[in-house]
Amino acid sequence: MPPRDTTDAQLAAQYEAFPYPARDPREEAKRLIIGSPSHLREIDHWIFGASRPASTPLNALMAGGGSGDGTIMLAQQMATLNRPGRVTWLDRSAEAKRVAQARAAARGLANITFEEGSLLDLPTSGLGPFDYIDCCGVLHHLPNPDEGLAALASVLAPGGGIGIMVYAPHGRTGVYMLQDALRLLAPTDEPPSSRVETGKRVWKQLPETAWLRRNPWIDDHIKGGDSGFYDLLLNPRDRAYTIPELGKLVAGAGLRIACLVEPLRYNPDTWLTDPKLRARTATLDPMARAALAEALCGNMGIHIAYLTRDEAPKADWSNDAAIPVLRELDGPAMARALRPDLLLPVTFDSLRVQIPLPRLAAAFLSRIDGRTPWGTICASIPAPADQITRDRAALITALEPLNRLLLAAP
């Protein structure tokens, strides 16, 4: 697809010069990069309500796959769990494709298809339909994000879902000010390498009063190499969405938000303990509550959301045959590390909160291994049945909103 305008051409040139994020395929032997959206456990839980059988093939699309983080993560998780299906990487950057293919080859992954092209062409591409679509860090760079999300929705299979990440304004305080400055000193019509060199010189000379100097949550320009520096501060098109703006974007594509990640962050009662204030938050609808949390905290630099066309099925936590899983947590180790006061300290971008856990938390956590059903776990705990029922519900209430305690696909 040819560039839509001059800015689009500059954006295309950027990702050929600096595939994002910067990745070395040799690192695949050392670690798997894990994150949201598109973690297989999250897809099973938040989109399919842990009701879609694991034996059902998953046809997934990574729209704007870049250097491959989401593609490699999901494909590897599917391979590790022997889950049938395929991941399609789609991007218009040939250089990013080279990196992503090399990473897949290093892992021996055979469940990935690579397609060069623009997600805006999806409606007429012949690709799909897809049970799951990832669009992480892409919509906010498009000429028309509404058109982009509509294009994704056009190839979404019935009952499927989409995982997106878009920038959020409050946590990116200082970014857009410095972008404005660099457009004056490193014009977008200069070669990408020249713009990076100038930008780095400016960063070294930036006054201490510059807001980005004071923003502890943004560090891609420091730790992300030339690719990260360019993407953060020299990107020719970059917009951010507040929660109300994100809601409007999603609704415009005929979709709805099934989950904001992590749900706890978007609950204003996490931060407001005053009963009189909570009485007021209780009168707000879910999107208004999320908008309030965003405005109160001020540290959200991105929004991650799972989207569905119809209301997503809810995970049935009462099902004794369901299998609980701890996402990237070791249950027995977590049980041993619990404090005597049963308060779990959690930090979100420097914002700390204490999550109260039930008395039987250690008993439950030590038995959650991703294979054992709830009924078996409960039957093995030496405690009164009513306390087991009560504490099981309390543990779910505490850890599901952290996106850590989920249900496995049956």
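Below: a short report on this structure. The shown structure was predicted, so the numbers you read here are calculated from the model rather than taken from an experiment.

Moving on: the overall build of the chain. The helix and strand tally for the chain stands at 16 helices and 11 strands. Its C-alpha atoms give the chain a radius of gyration of 22 Å, within 12% of the compact-globule value 22 Å for 410 residues. Dimensions of the chain, computed from C-alpha atoms along their principal axes, come out at roughly 70 × 50 × 40 Å. Taking all 410 residues of the chain together, the buried fraction comes to 52%. Excluding contacts between residues fewer than 6 apart, the proportion of contacts in the chain whose partners are at least 24 apart in sequence is 79%.

One pass over the structure, following the stated rule, counts 27 salt bridges. The closest approach of N and O atoms between Asp8 and Arg92, which form a salt bridge, is 2.9 Å. Placement of Asp8 in helix 1 (residues 6-17) and of Arg92 in the loop between strand 2 (85-91) and helix 4 (94-107) is noted, with a sequence separation of 84 residues between them. The exposure class of Arg92 is partly exposed, given its relative accessible area of 28%.

Position of Ser51 among the secondary structure elements: in the loop between helix 2 (40-47) and strand 1 (58-63). Looking at Ser51, the relative accessible area reads 47%, which means it is partly exposed. In the structure, Ser51 is positioned 106 residues away from Ala157 in sequence and 16 Å away in space, judged by C-alpha atoms. Excluding residues within four positions of it along the chain, Ser51 makes contact with Pro313 and Pro410. A distance of 2.6 Å separates a polar side-chain atom of Ser51 from the backbone oxygen of Phe48.

A few words now on the state of the cysteines. Among covalent bonds in proteins, the disulfide is the one between the sulfur atoms of two cysteines. In this structure the tally under the stated criterion is 0 disulfides. We note that Cys135 lacks a disulfide partner, and the nearest cysteine sulfur, in Cys136, lies 8.2 Å from it. For Cys135, a relative accessible area of 0% puts it in the buried group. Look at Cys136 and you get partly exposed, because its relative accessible area is 32%.

Here helix 7 (residues 192-205) is 14 residues long and its end C-alpha atoms lie 20 Å apart, about the 20 Å a rise of 1.5 Å per residue gives. Buried within helix 7 we find Pro192, Arg195, Val196, Thr198, Gly199, Val202 and Trp203. Those residues of helix 7 that are buried lie in contact with helix 1, helix 6 (175-185), helix 8 (220-223) and helix 9 (225-233).

According to the stated counting rule, one finds 5 aromatic pairs in the structure shown. Each ring, one from Phe18 and one from Tyr230, has its centre 5.4 Å from the other, and the planes form 35°; the classification is tilted. One end of the pair, Phe18, is in the loop between helix 1 and helix 2; the other, Tyr230, is in helix 9, with 212 residues separating them in the sequence. Across the pair, exposure class does not vary: Phe18 and Tyr230 are buried alike. Taking the centre distance of 6.2 Å and the plane angle of 85° together, the rings of Trp271 and Phe348 count as edge-to-face. Of this pair, Trp271 sits in the loop between strand 6 (256-261) and helix 11 (275-281) while Phe348 sits in strand 9 (residues 343-348), and the two are 77 residues apart along the sequence. Members of the aromatic cluster, each reached through a chain of ring pairs, are Trp317, Phe364 and Trp374. One cation-aromatic arrangement involves Arg52 over Phe48; the distance from NZ or CZ to the ring centre is 4.9 Å. Seen from the ring of Trp203, Arg213 lies directly overhead, with NZ or CZ sitting 4.3 Å from the centre.

Overall, mixed pairing links the 7 strands, which are arranged 3-2-1-4-5-7-6 in an open sheet. A single partner strand is all that each edge strand has here, and the edge strands are strand 3 (112-116) and strand 6. In this sheet, neighbouring strand axes are inclined to one another by 20° on average, regardless of whether the strands run parallel or antiparallel. Where strand 5 (residues 156-167) lies against strand 7 (residues 302-308), 7 bridges are found, and the strand directions are antiparallel. The residue bridging Val166 from the neighbouring strand is His303, located in strand 7. The sheet contacts of helix 10 (residues 243-252) involve strand 5, strand 6 and strand 7, and relative to strand 6 the element is tilted by about 140°.

A few words on unusual backbone geometry. The omega torsion of the bond from Tyr20 to Pro21 falls at -10°, within 30 degrees of zero and hence cis. When you line up the elements, Pro21 lands in the loop between helix 1 and helix 2. Positive phi values are uncommon outside glycine, yet Asn82 reaches one of about 55°. Structurally, the position occupied by Asn82 is in the loop between helix 3 (69-80) and strand 2. The backbone phi angle of Glu328 is positive, close to 55°, even though this residue is not glycine. Looking at the element boundaries, Glu328 is found in the loop between strand 8 (324-326) and helix 13 (331-337). We classify Glu328 as partly exposed; its relative accessible area is 43%.

Let us now look at the nonpolar core. The tendency in soluble globular proteins is for nonpolar side chains to be buried as a group. One finds Phe364, Leu395 and Leu399 to be the most contacted residues of the largest nonpolar core, which totals 36 residues. Counting residues per element, the ones that place at least two in this core are helix 12 (286-297), helix 13, strand 9, strand 10 (351-356), helix 14 (361-365), helix 15 (374-379), helix 16 (385-399) and strand 11 (405-407). Among the elements that line this core, the one with the most residues is helix 16, at 5 residues. Those residues within four positions of Leu395 in sequence are excluded, and the remaining contacts are Leu357, Pro358, Ala361, Phe364, Leu365, Ile368 and Leu405. In this structure, Phe130, Leu139, Leu249 and Ala253 belong to the second largest nonpolar core, which totals 34 residues.

What counts, and where the lines are drawn
- Residues numbered from 1 in each chain as written.
- Predicted model: local features only at pLDDT ≥ 70, side-chain atom pairs only at ≥ 80, totals over all residues.
- Heavy atoms only, no water.
- Helix = DSSP H or I, 4+ residues; strand = E, 2+ residues; numbered from the N terminus.
- Rg over C-alpha atoms; globule rule 2.2 N^0.38 Å.
- Buried < 20%, exposed > 50% of the residue type's maximum accessible area, 1.4 Å probe, protein only.
- Contact = heavy atoms within 4.5 Å.
- Salt bridge = Lys/Arg side-chain N within 4 Å of Asp/Glu carboxyl O.
- Polar contact = N/O pair within 3.5 Å; in protein donor to acceptor, adjacent residues only side chain to side chain.
- Disulfide = S-S within 2.5 Å.
- Expected span 1.5 Å × (residues − 1).
- Phe/Tyr/Trp six-rings, centres within 6.5 Å; stacked < 30°, edge-to-face > 60°.
- Lys NZ or Arg CZ within 6 Å of the ring centre and 35° of its normal.
- Pairing = 2+ DSSP bridges.
- Axes fitted to C-alpha atoms, helices over the stretch in contact; angles between N-to-C directions.
- Core = buried A, V, L, I, M, F, W, Y, C linked by side-chain atoms within 4.5 Å.

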